[in-house]
Amino acid sequence: MENYRSSSSSYAPYTLIAAMLSLLVCSAAQTIDGQTNAEFINSDGQTNADFIKSSCKVTRYPRVCFDSLSVYANTIQTSPQRLAQAALSVSLASAQSTKTMMSRLLKGRGMNPREMGALRDCIENIGDSIDEVKKSIEEMSHLSDPDFEFHKENIQTWVSAALTDEDTCTDGFAGNGMNGNVKSAITSRVVNLSHLTSNALALINSLTSTQPTSR
Ligand SMILES: *[C@@H]1O[C@H](CO)[C@@H](O)[C@H](O)[C@H]1NC(C)=O
């Protein structure tokens, strides 16, 4: 018994690792489940993926919309609000990684003062965009409140501002005298980001108070 106890305590770290592994396996199983569920036909006769595809038609970049959101089909199901929320989250994640990439570039060498200035401005613009999208995600949770239109307008205002900030960033790099590599690396990422944000805005614009908030 004494032996058993001491050996069991020396195995404790392995027990912990085993528990973590089983958690990982569980979440992997959930992902597989999620993919399976995405194929289920819902009460509207649509799969969750069909719902995303048809909803994305209101956006300016439907292909990007579907590709970036279909991985969340199981969470979104057929809720327009959850779809818009997912679109905001995808935009936020992209803005955050873009800002990180730009901050890293700023520490590197080989940029002239003009490029450094444009890059600094860009980092500030994308930082503002991040704040606005974060506020919008927070505001999404109030769409079930009585004053739907008020909250929707707040979200529209902030997401539009985020889009403007992203455009301001790319405009700052549009001029001559910019290094081709730095310019194209930043511009292509921020243009992609602005497509995600534009899509989120279109999905928000199409929300109505009569849609079910959740299923
Ligand atoms: C921008 O988006 C396109 C299409 O979605 C993709 O092929 C490309 O790799 C993206 N560019 C960057 C820099 O992320």
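The structure presented is a predicted model; accordingly, all values stated were derived computationally and were not measured.

### Let's talk about the site of the ligand
Phase 1 of the analysis: Contacts to the ligand come from Ser188, Arg189 and Asn192.
Phase 2 of the analysis: Between the ligand and Asn192, the relevant distance is 2.3 Å, taken from an oxygen atom to a side-chain nitrogen or oxygen of the residue.
Phase 3 of the analysis: Contact with the protein chains covers 32% of the free accessible surface of the ligand, which is 360 Å².

### Thoughts on the packing of helix α7 (residues 113-140) against helix α8 (residues 148-172)
Geometrically, a packed helix pair is captured by the angle between its two axes and the distance between the axes.
Phase 1 of the analysis: Across the interface, α7 lies against α8 with an axial gap of 8 Å and an inter-helix angle of 165°. By the angle between their axes, α7 is roughly antiparallel relative to α8. For the element pair α7 and α8, the recorded crossing hand is left-handed. Residues Ala118, Cys122, Asn125, Ile126, Asp128, Ser129, Glu132, Val133, Lys135, Ser136, Glu139 and Met140 of α7 lie in contact with α8, whose contacting residues are His151, Asn154, Ile155, Trp158, Val159, Ala161, Ala162, Asp165, Glu166, Thr168, Cys169 and Gly172.
Phase 2 of the analysis: Residues belonging to the contact of α7 with α8 are distributed by class as follows: 11 nonpolar, seven polar and six charged.

### What to know about the pattern of salt bridges
Phase 1 of the analysis: Evaluated as defined, the whole model comprises one salt bridge.
Phase 2 of the analysis: Between Asp67 and Arg63 there is a salt bridge, with its nearest N and O atoms 3.1 Å apart. With Asp67 and Arg63 both in helix α4 (residues 62-69), this residue pair falls four residues apart, about one helical turn.
Phase 3 of the analysis: By relative accessible area, Arg63 is classed as exposed at 63%.

### So, the environment of Leu196
Phase 1 of the analysis: Looking at the secondary structure, you find Leu196 in helix α9 (residues 180-205).
Phase 2 of the analysis: By relative accessible area, Leu196 is classed as buried at 13%.
Phase 3 of the analysis: Once the C-alpha coordinates of Leu196 and Ser89 are considered, the two residues, 107 residues apart in sequence, prove to be 9.7 Å apart.
Phase 4 of the analysis: Non-local contacts of Leu196, meaning those with residues more than four positions away in its chain, are made with Val64, Ser68, Val90, Ser91 and Ser94.

### A word on the nonpolar core
Phase 1 of the analysis: Within the largest apolar cluster, 48 residues are counted, with the highest numbers of intra-cluster contacts made by Ile52, Leu69, Leu88, Met102, Ile126, Phe173 and Ile186.
Phase 2 of the analysis: Secondary structure elements with two or more residues in this core: α3 (48-55), α4, α5 (73-76), α6 (80-107), α7, α8 and α9.
Phase 3 of the analysis: The element that contributes the greatest number of residues to this core is α6, accounting for 10 residues.
Phase 4 of the analysis: Residue contacts for Leu69: discarding those within four places in its chain leaves Ile52, Ile76, Leu83, Ala86, Ala87, Val90 and Leu203.

Conventions and cut-offs
Residues numbered from 1 in each chain as written. Predicted model: local features only at pLDDT ≥ 70, side-chain atom pairs only at ≥ 80, totals over all residues. Heavy atoms only, no water. Near = heavy atom within 4 Å. Polar contact = N/O pair within 3.5 Å; in protein donor to acceptor, adjacent residues only side chain to side chain. Areas by Shrake-Rupley, 256 points an atom, 1.4 Å probe, with all protein chains shown as cover. Axes fitted to C-alpha atoms, helices over the stretch in contact; angles between N-to-C directions. Helix = DSSP H or I, 4+ residues; strand = E, 2+ residues; numbered from the N terminus. Parallel < 35°, antiparallel > 145°, perpendicular 65-115°, else oblique. Left-handed = near helix turned anticlockwise from the far one by under 90°. Contact = heavy atoms within 4.5 Å. Nonpolar A, V, L, I, M, F, W, Y, C, P; charged D, E, K, R; others polar. Salt bridge = Lys/Arg side-chain N within 4 Å of Asp/Glu carboxyl O. Buried < 20%, exposed > 50% of the residue type's maximum accessible area, 1.4 Å probe, protein only. Core = buried A, V, L, I, M, F, W, Y, C linked by side-chain atoms within 4.5 Å.

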